Amino acid sequence: MSRSTKVKVETTTVHFVRPLLGFNDNTFELAQHDADYPWFTLSVADADFPSFIVVDLAAAFTGLSLDIPDDIAADLNAQDIDDLLILGIVNVADGFTVNLAGPLVVNLIAKTIAQVVQDTDLPTAAPLNGDN
Amino acid sequence: MLVLTRSSNAGVQIGDDIEVVVLEIKGDTVKLGFSAPRSVRILRSEIAQQISSENQNSAVRTASLGNIAFPALEATS
């Protein structure tokens, strides 16, 4: 996967169509981080925790192949693949690693989001700008 | 935990709309088939726990976001 054009995202309220594993919160605010593409923040609405730093995987990793099952695409109400933004959750405590095994798929039109666990051997802590 | 003994091709019904069937038993490996509504997430336990743990380890407080220095990023392959 790769992208040559930058995605501009206004701060948007998104709803998890299935809860994020390990959390019960469903409504989050997705915001571009100070226009410093490709970083975004995903923060639970109306609370100080949890928030996540996420990164556009199409910009951060080339040659990455991810599977989005039809049932999850349907749950996201995805009409067009171009409406989808694929984000990786970043672990900043671990030297900026990205969870490629559980990417987030956002439908920017329907304001829906889901974590799509990959049925492959992709790492949960892939280093950015490192070997993948 | 409920424990049931099932043979190959036998199943277990969970609620009204979830069925688990033993498709094959080979050595210490069991192949299972699942029928469930699409809203039911079915994951290998160890993968679900690994992803859940990584999610929790990656969570930060919203107030701390401003203290994080985001590195310049080049796409990796």
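Figured I'd write up the structure that's included with this text. If you're wondering where the values come from, they're calculated on a predicted model, not measured in any experiment. (Residues numbered from 1 in each chain as written. Chains lettered and ligands numbered in written order. Predicted model: local features only at pLDDT ≥ 70, side-chain atom pairs only at ≥ 80, totals over all residues.)

## Examining the sheet that holds strand E2 (residues 18-26) of chain B
Adjacent strands of a sheet form backbone hydrogen bonds with each other and so pair up, either parallel or antiparallel. Residue and element names in this part refer to chain B. The three strands are arranged E1-E2-E3 in an open sheet whose pairing can be described as antiparallel. Because the sheet does not close on itself, it has two edges, and the strands there are strand E1 (11-14) and strand E3 (29-35). Across the sheet, the axes of successive neighbouring strands diverge by a mean angle of 20°, strand direction being ignored. (Pairing = 2+ DSSP bridges. Helix = DSSP H or I, 4+ residues; strand = E, 2+ residues; numbered from the N terminus. Axes fitted to C-alpha atoms, helices over the stretch in contact; angles between N-to-C directions.)

## A short note on the nonpolar core
Val54(A), Val55(A), Leu57(A), Leu87(A) and Val106(A) are the most contacted members of the largest nonpolar core, which totals 40 residues. With six residues, the top contributor of residues to this core is strand E6 (residues 97-107) of chain A. (Core = buried A, V, L, I, M, F, W, Y, C linked by C-beta atoms within 7 Å. Buried ≥ 20, exposed ≤ 12 C-beta atoms within 10 Å, placed from the backbone.)

## Some thoughts on the interface of chain B and chain A
Counting residues at the interface gives 27 residues for chain B and 39 residues for chain A. Its residues placed into classes, the side of chain B that touches chain A shows 13 nonpolar, nine polar and five charged. (Contact = placed C-beta atoms within 7 Å. Nonpolar A, V, L, I, M, F, W, Y, C, P; charged D, E, K, R; others polar.)

## What to know about the environment of Ala72(B)
Checked against the element boundaries, Ala72(B) lands in the segment after helix H1 (45-58). For Ala72(B) and Ala10(B), which are 62 residues apart along the polypeptide, the C-alpha to C-alpha distance reads 55 Å.

## Notes on the pairing of E2(B)
All names here are of chain B. Of the strand pairs in this sheet, E1 and E2 are connected by four bridges, and their pairing is antiparallel. Across the sheet, residue Gly 11 finds its bridge partner in E2, namely Val 21. The hairpin formed by E2 and E3 contains two residues between the paired strands, and Gly 27 there has a positive phi angle of roughly 60°.

## Regarding unusual backbone geometry
Residue and element names in this part refer to chain A. Pro 50 follows Phe 49 through a cis peptide bond whose omega is 5°. The topology assignment puts Pro 50 in the loop between strand E3 (39-44) and strand E4 (51-56). Its identity is not glycine, yet Phe 96 carries a phi of approximately 60°, on the positive side. As for its position among the elements, Phe 96 is in the loop between strand E5 (84-91) and E6.

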